[in-house]
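For reference, the chains in residue letters:
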Amino acid sequence: MEHLENNGLSLSYNPNKLLASEKLPHAASDEVNDSPIEQVRLTVPITDDPTLPCLTFRTWVLGSICCVLLAFLNKFFG
């Protein structure tokens, strides 16, 4: 984790190092992480999986199609 100092202010993020006023009780922190919709709670995990790739075939295809389509629309109506 990168740690930068800027005029005495820390710019790094450490979720384990919270001020006493920022700490939530156990029940309140569960409510923040859980969805109020039951189907979402049962389907979507609360934790993130950092091993999943973000640059997939679907990402490139949809991104390229949107880029070309929006560029054409911008040129057509511009």
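Bear in mind that the values here come from a model prediction, so they are computed numbers and not experimental data.

**A look at the overall build of the chain**
- Helix and strand counts for the chain stand at three helices and two strands.
- Each helix (α) and strand (β) of the chain, taken in turn from the N terminus, gives the series β-β-α-α-α.
- For the chain, the residues scored as buried account for 0% of the 78 residues in total.
- Accessible surface for the chain amounts to roughly 7,800 Å². Of this, 64% is attributable to carbon and sulfur atoms.

**Side note on the environment of T59**
- As for its position among the elements, T59 is in helix α3 (residues 57–77).
- Engagement of the side chain of T59 in a polar contact is seen with the side chain of T56, the distance being 3.0 Å.

**Observations regarding the state of the cysteines**
- Scanning all chains against the criterion turns up zero disulfides.
- The cysteine C66 is free of any disulfide, with C67 supplying the nearest cysteine sulfur at 8.7 Å.
- The class of C67 is exposed, set by a relative accessible area of 53%.

**Thoughts on α3**
- For α3, with 21 residues, the first-to-last C-alpha span of 30 Å sits near the 30 Å given by 1.5 Å per residue.
- Across the 21 residues that make up α3, only a small minority, zero, are buried.

**A short note on the packing of aromatic side chains**
- Taken as a whole and assessed by the stated rule, the structure comprises two aromatic pairs.
- When the ring of F72 is compared with that of F76, the centres are 5.8 Å apart and the planes differ by 20°; the resulting orientation is stacked. You can see F72 and its partner F76 sitting in helix α3, four residues apart, about one turn around the helix.
- The class for F76 is exposed, based on a relative accessible area of 56%.
- Ring geometry for F76 versus F77: centroids 5.0 Å apart, planes at 85°, classification edge-to-face.
- Accessibility expressed as a relative area gives 66% for F77, which makes it exposed.
- An aromatic cluster is present here, built from F72, F76 and F77 joined pairwise through their rings.

**Digging into a nonpolar patch on the surface**
- On the surface, L69, L70, F72, L73, F76 and F77 cluster together to form a nonpolar patch covering roughly 690 Å² of accessible area.
- Judged by relative accessible area, L69 falls into the partly exposed class, the value being 48%.

Definitions and limits used
- Residues numbered from 1 in each chain as written.
- Predicted model: local features only at pLDDT ≥ 70, side-chain atom pairs only at ≥ 80, totals over all residues.
- Heavy atoms only, no water.
- Helix = DSSP H or I, 4+ residues; strand = E, 2+ residues; numbered from the N terminus.
- Buried < 20%, exposed > 50% of the residue type's maximum accessible area, 1.4 Å probe, protein only.
- Areas by Shrake-Rupley, 256 points an atom, 1.4 Å probe, with all protein chains shown as cover.
- Polar contact = N/O pair within 3.5 Å; in protein donor to acceptor, adjacent residues only side chain to side chain.
- Disulfide = S-S within 2.5 Å.
- Expected span 1.5 Å × (residues − 1).
- Phe/Tyr/Trp six-rings, centres within 6.5 Å; stacked < 30°, edge-to-face > 60°.
- Patch = residues over 30% accessible without salt bridge, like charges linked within 9 Å, V, L, I, M, F, W, Y side chains within 5 Å.
- Salt bridge = Lys/Arg side-chain N within 4 Å of Asp/Glu carboxyl O.

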